[in-house]
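# Structural overview
In case you want the letters, here they are:
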Amino acid sequence: MSVGLIVSMEQTLAIIKPDAVAARRIGVIIARIEATELEVKGVRLIRLKKCEAEGFYAVHREKPFFDSLTTFMSSGPIIVLALEAPDAISRWRRLMGATDPAEADPGTLRREYGTSIDRNATHGSDAEDTAASELSYFFSAIELRQ
Ligand code: CDP
Ligand code: MG
């Protein structure tokens with residue numbers, strides 16, 4: 001009997017945040033995504049209302065940075081992407097780097113294009129359940145089918 005490594009296909013939600021869109025980093029960030037195994041399954045430019053940013057980040061409602069985060073996320077257009085690959089959630093988080101650009105590894109997107117912890121260029125889901133709910137916040141089941 002052969003014992004193989006089973007790697008399941010996963011989808012995750014990525015966002016190019018308002019700072020990176022304003023800095024004209026859409027193209028370079030999508031090029032970095034496409035240079036990996038991550039496949040773009042959905043992509044759209046939108047501008048969130050404050051209440052929509054609050055809904056998206058509801059898990060952080062009690063945090064001291066909730067108001068500034070949701071004000072920032074609704075301050076300009078963003079790019080929402082559905083990404084697919086084996087292990088997509090952690091793969092995308094590795095490409096982004098640590099939440100604080102100052103602590104992110106050299107070459108990661110947040111290190112390259114983020115300027116501070118509250119202007120860190122990109123978002124990524126952190127687990128299977130949050131990926132599913134975050135994807136459904138922006139994309140229909142038809143758009144996401146594999
Ligand atoms: O985005 P990530 O999952 O890496 O971090 P998080 O802990 O889920 O926080 C969500 C977002 O809140 C971060 O990406 C930051 O933009 C922001 N944040 C902040 O403004 N100040 C902090 N002290 C921590 C997070
Ligand atoms: Mg998070």
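The following refers to the structure shown. (Residues numbered from 1 in each chain as written. Chains lettered and ligands numbered in written order. Predicted model: local features only at pLDDT ≥ 70, side-chain atom pairs only at ≥ 80, totals over all residues. Heavy atoms only, no water.)

## Considerations on the nonpolar core
Counting 19 residues, the largest nonpolar core has Ile16, Ile29, Ile33, Leu38, Leu81, Leu83 and Trp92 as the members making the most contacts within it. When residues of this core are traced back to their parent elements, those giving at least two are strand E1 (9–16), helix H1 (18–22), helix H2 (26–34), strand E3 (78–86), helix H5 (88–96) and helix H6 (109–113). Setting aside residues up to four positions removed in sequence, tryptophan 92 forms contacts with Thr12, Leu13, Ala14, Ile29, Ile33, Leu38, Leu83, Leu109, Thr122, His123 and Gly124. Within the second largest apolar cluster, 18 residues are counted, among which are Leu48, Met73, Ala82 and Leu144. (Core = buried A, V, L, I, M, F, W, Y, C linked by side-chain atoms within 4.5 Å. Buried < 20%, exposed > 50% of the residue type's maximum accessible area, 1.4 Å probe, protein only. Helix = DSSP H or I, 4+ residues; strand = E, 2+ residues; numbered from the N terminus. Contact = heavy atoms within 4.5 Å.)

## A look at the sheet that holds strand E2 (residues 39–46)
With respect to topology, 4 strands assemble into an open sheet ordered E2-E3-E1-E4, the strand pairing being antiparallel. Two strands bound the open sheet, and with one partner strand each, they are E2 and strand E4 (122–124). Each neighbouring strand pair of the sheet contributes to a mean axis angle of 20 degrees, computed without reference to strand direction. Pairing between E2 and E3: 7 bridges, direction antiparallel. Each residue of the ladder has a partner; that of valine 43, found in E3, is leucine 81. Docked against the sheet, H5 engages E1, E3 and E4, running at close to 35 degrees with respect to E1. (Pairing = 2+ DSSP bridges. Axes fitted to C-alpha atoms, helices over the stretch in contact; angles between N-to-C directions.)

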